[in-house]
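# Chain and residue survey
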Amino acid sequence: MSFTTVSRACPNCAAPIESDSRFTDWCPGCDWNLGAEAPAPGRRAERCRARDRARVEALYQRLAASESQESGRHGAAWLAAVLIAGLVHLWTLAVLAGSLWLLLQPAAPLKGLGVVGLALAWLLRPRLGRWRRDPAALDRDRAPALYALLDRTADQLGTRRPDRIRITGAWNASYRRAGLRRRVEVTLGLPLWTVLTGPERIALLGHELGHGSNGDARRGFWLETALRTLEAWYQLLTPRSGEAFLGYRARRAATDALASALLNWLALPVRWVHGVLYRLTMRSSQRAEYRADDLAARAGSSADAATMLGKLLLGPGVATRITQQRAAHQHTRPGAGEDPAERFWTGLREYVDSIPGTERERRARLGERGMSAVDTSHPPTHLRVRMRAERPAQAALVTADATEWDAIHAELAPARRRVAEQLLGI
Ligand SMILES: [Zn+2]
Ligand SMILES: [Zn+2]
């Protein structure tokens with residue numbers, strides 16, 4: 001891959017800047033042209049953002065300072081969340097009991113109401129998450145080396161082995177427990193997996209499998225089902241999803257407007273309780289994420305956990321790159337004997353390896369400015385990277401040799417083809 005690097009002077013502070021034709025020119029000295037900040041839609045939203053930022057940073061400070069004393073302890077906020085979740089479950093139970101009572105009444109209208117109530121209780125039942133057949137799932141007998149690596153990592157961290165691995169096109173990885181048996185599913189995004197080094201991959205597995213033992217209250221049965229029930233209530237009450245649910249397109253008649261206003265009004269307390277539960281569990285949830293990062297460092301070493309987290313910040317650049325590759329693919333015919341899927345993955349890896357240090361630094365500073373996180377439950381990535389430096393350095397507990405990586409690479413070949421076709425729109 002060839003690209004040009006030239007030097008020029010910063011128009012703002014005249015410091016010399018390295019300019020790479022593929023990336024935005026910017027100045028590390030004065031942050032000139034660092035990148036577009038997300039437009040603040042109003043002063044209220046701006047204040048809200050500043051408050052969230054202060055809260056997340058304060059939490060980071062406290063956790064960085066006190067992790068050793070308070071690990072595993074739950075605070076008053078957690079207790080309040082557990083109690084509120086209990087009330088949510090009690091409410092579902094009351095709907096069920098009330099409906100059964102109505103069904104036993106002799107009057108037909110009351111019986112009818114009972115049937116409606118039962119349907120409601122069914123819709124709002126605590127959901128454990130479905131475990132259904134999934135084309136992205138990779139069976140254990142199809143990928144023994146990959147499963148062996150995850151099993152080994154889980155054993156070393158003292159957490160549960162995965163029951164299923166899924167391979168997707170996401171720039172992320174995730175962990176989920178589902179069904180009555182709370183089976184474990186680990187999802188690996190192939191673009192991210194491809195650009196990580198071996199030890200960084202093990203760190204990623206350490207984080208994900210660490211979700212099985214990091215004490216995340218939001219993922220515990222009691223709180224998770226309460227949050228899901230509230231989400232189901234909200235969907236039921238907000239007119240837009242209500243229309244889809246009933247399967248008709250409502251005419252904007254006066255009665256409809258009135259009904260939706262009423263439903264919106266009823267949905268408000270549901271949203272409020274959901275917000276309170278979310279707020280109350282934020283500390284526990286973010287602490288659990290930092291702890292999962294500790295487990296990432298234990299599995300793959302501190303240094304590799306930090307560089308793995310740093311690579312997460314390259315997501316926007318990778319997304320642009322994939323769009324370019326998709327466009328290029330549609331305009332070129334593959335040469336004889338050339339495999340477009342494998343070419344795509346090699347291209348992606350070469351692209352990430354060739355990103356210069358200044359561009360990585362720009363992404364890191366942009367991530368810090370925008371407080372970007374992989375999703376709403378994870379702390380901002382730059383704080384996760386910083387936390388690695390605060391914690392004592394760890395050596396890797398889990399390693400894999402070249403033969404093992406080759407075997408895993410071979411096992412992932414069908415997934416590489418499927419995901420590449422999906423990303424390239426073949
Ligand atoms: Zn400058
Ligand atoms: Zn996580």
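Just so we're clear, the structure is a prediction, and the values are computed from it rather than from any experiment. (Residues numbered from 1 in each chain as written. Chains lettered and ligands numbered in written order. Predicted model: local features only at pLDDT ≥ 70, side-chain atom pairs only at ≥ 80, totals over all residues. Heavy atoms only, no water.)

### Considerations on the overall build of the protein chain
To keep things clear, this is the line we draw: Runs of H or I in DSSP of at least four residues are treated as helices and runs of E of at least two as strands, each being numbered from the N terminus. We call a residue buried when its accessible area falls under 20% of the maximum for its residue type, exposed when it is over 50%, and partly exposed in between, using a 1.4 Å probe and counting protein chains only. Contacts between residues were defined by any pair of non-hydrogen atoms, one from each residue, lying within 4.5 Å.
Secondary structure assignment for the protein chain yields 17 helices and six strands. Taken across its 426 residues, the protein chain has 42% of its residues classed as buried. Partitioning the intrachain contacts of the protein chain with sequence separation of at least 6 by distance along the chain shows that 70% fall at a separation of at least 24.

### Some details on the UniProt feature "transmembrane region" (unreviewed entry) in the protein chain
Formally: UniProt positions are given in the numbering used here, feature names are shortened, and annotations may be inferred rather than shown by experiment.
UniProt marks residues 76–101 and 107–124 with the feature "transmembrane region" (unreviewed entry), using the numbering shown here. Span residues 76–101 is 100% helix and 0% strand, its end C-alpha atoms 37 Å apart. Between the C-alpha atoms that bound residues 107–124 the distance is 26 Å, and the span itself is 89% helix and 0% strand.

### A few points about the packing of aromatic side chains
Rules: When the centres of two rings from Phe, Tyr and Trp lie within 6.5 Å, Trp using its six-membered ring, the rings pair. Their planes under 30 degrees apart give stacked, over 60 give edge-to-face, and anything left gives tilted.
For the structure on display, the rule yields five aromatic pairs. Taken together, a centroid distance of 4.8 Å and an interplanar angle of 70° make the contact between phenylalanine 344 and tryptophan 345 edge-to-face. Neither phenylalanine 344 nor tryptophan 345 differs from the other in exposure class; each is buried.

### Observations concerning the pattern of salt bridges
Rule in force here: We count a salt bridge whenever a side-chain nitrogen from Lys or Arg sits within 4 Å of a carboxyl oxygen from Asp or Glu.
On inspection of all chains with the given rule, the structure shows 26 salt bridges. The partner of aspartate 20 in a salt bridge is arginine 22, with the nearest N and O atoms 3.2 Å apart. We classify aspartate 20 as buried; its relative accessible area is 7%. Glutamate 342 is paired through a salt bridge with arginine 416; the nearest N and O atoms lie 3.0 Å apart. A residue pair is termed long-range when its members are at least 10 positions apart, and glutamate 342 in helix α13 (residues 340–354) and arginine 416 in helix α17 (residues 413–424) qualify at 74 residues. Judged by its relative accessible area of 6%, arginine 416 falls in the buried class. One network of salt bridges, with partners in common, ties together Arg140, Asp151, Asp155 and Arg161.

### Here we look at empty space enclosed by the protein
In plain terms, the rule: For each structure, a 1 Å grid was placed over the protein atoms alone; sets of points admitting a 1.4 Å probe that cannot get out are labelled cavities, open sets with protein on both sides within 12 Å along at least five of seven lines are labelled pockets, and lining residues have an atom within 4 Å of a point. Grid points are joined across faces, edges and corners, and a volume is the space filled by probe spheres set on the points. Under this grouping Gly is polar, as are all residues other than the nonpolar Ala, Val, Leu, Ile, Met, Phe, Trp, Tyr, Cys and Pro and the charged Asp, Glu, Lys and Arg.
Across all of its chains, the model carries two cavities of 30 Å³ or more by this definition. Here the largest cavity defines a volume of roughly 70 Å³. What lines the largest cavity is simply Asn172, Ala173, Leu204, His207, Glu208, Met308, Leu312, Val374, His378 and Arg384. For the lining of the largest cavity, the elements supplying multiple residues, two or more each, are α6 (198–210) and α11 (302–312). Tallying contributions element by element places α6 first for the lining of the largest cavity, with three residues. Of the residues in the lining of the largest cavity, the class split is five nonpolar, three polar and two charged. The volume enclosed by the second largest cavity comes to roughly 30 Å³.

### A look at the coordination of the zinc ion (ligand 1)
The condition is simple: For Na, K and Ca the donor cutoff is 3.2 Å, while for all other metals N, O and S atoms count as donors only within 2.8 Å; water does not appear among the atoms, so some sites may look incomplete. By the criteria applied here, four donors are tetrahedral when all angles lie between 85 and 135 degrees, four are square planar and six octahedral when opposite donors are over 155 degrees apart and every other angle lies between 65 and 115, and any other arrangement is irregular.
Coordination of the zinc ion (ligand 1) by the protein is provided by Cys10 (SG), Cys13 (SG), Cys27 (SG) and Cys30 (SG), with metal-donor distances spanning 2.2 to 2.3 Å. The coordination sphere of the zinc ion (ligand 1) comprises four donor atoms, whose angles at the metal cover 107 to 113°; the geometry is tetrahedral. By relative accessible area, which is 37% here, cysteine 13 ends up partly exposed.

### Considerations on unusual backbone geometry
The phi torsion at alanine 14 lies on the positive side, around 65°, for a residue other than glycine. On the secondary structure map, alanine 14 appears in the loop between β1 (5–9) and β2 (16–20). Look at alanine 14 and you get exposed, because its relative accessible area is 55%. A positive phi angle is found at arginine 182, which is not glycine, with a value near 50°. The residue arginine 182 is located in the loop between β5 (173–178) and β6 (183–189) in this model.

### Considering the sheet that holds β6
Selection rule: Paired strands are those between which DSSP finds at least two bridges. Axes here refer to lines fitted to C-alpha atoms; in helices the fit is confined to the stretch in contact. Angles between the N-to-C directions go from 0 to 180 degrees.
A sheet is described by the order of its strands in space; here four strands give the open sequence β3-β4-β6-β5, paired in mixed fashion. Each end of this open sheet is capped by a strand with a single partner; those strands are β3 (137–138) and β5. Bridge count for β3 against strand β4 (residues 164–168) is two bridges, and the pairing is antiparallel. Residue pairing for β4: alanine 137 is matched across the bridge by arginine 166. Strands in contact with helix α4 (residues 144–157) are β3, β4 and β6; relative to β4, the strand with the most contacts, it is inclined by about 115°. Lying on the sheet, α6 is in contact with β5 and β6; it crosses β5 at an angle near 25°.

### Focus: α6
For clarity, the cut-off: Helix span, as expected, comes to 1.5 Å for every residue beyond the first.
The terminal C-alpha atoms of α6 lie 18 Å apart, and with 13 residues this matches the ideal 18 Å at 1.5 Å per residue to within 8%. Where α6 is concerned, the buried positions are Gly198, Glu200, Arg201, Ile202, Ala203, Leu204, Leu205, Gly206, His207, Glu208, Leu209 and Gly210.

### Examining the coordination of the zinc ion (ligand 2)
On the protein side, the zinc ion (ligand 2) has His207 (NE2), His211 (NE2), Glu289 (OE) and His378 (NE2) as donor atoms, found 2.0 to 2.2 Å from it. Seen from the zinc ion (ligand 2), its four donor atoms lie at angles of 84 to 145°, and the figure they make is irregular. Mapped onto the sequence, the residues coordinating the zinc ion (ligand 2) show the spacing H-x3-H-x77-E-x88-H. Taken together, the residues histidine 207 in helix α6 and glutamate 289 in helix α10 (residues 282–300) connect sequence positions 82 residues apart. Residue histidine 207 shares its accessibility class with glutamate 289, and that shared class is buried.

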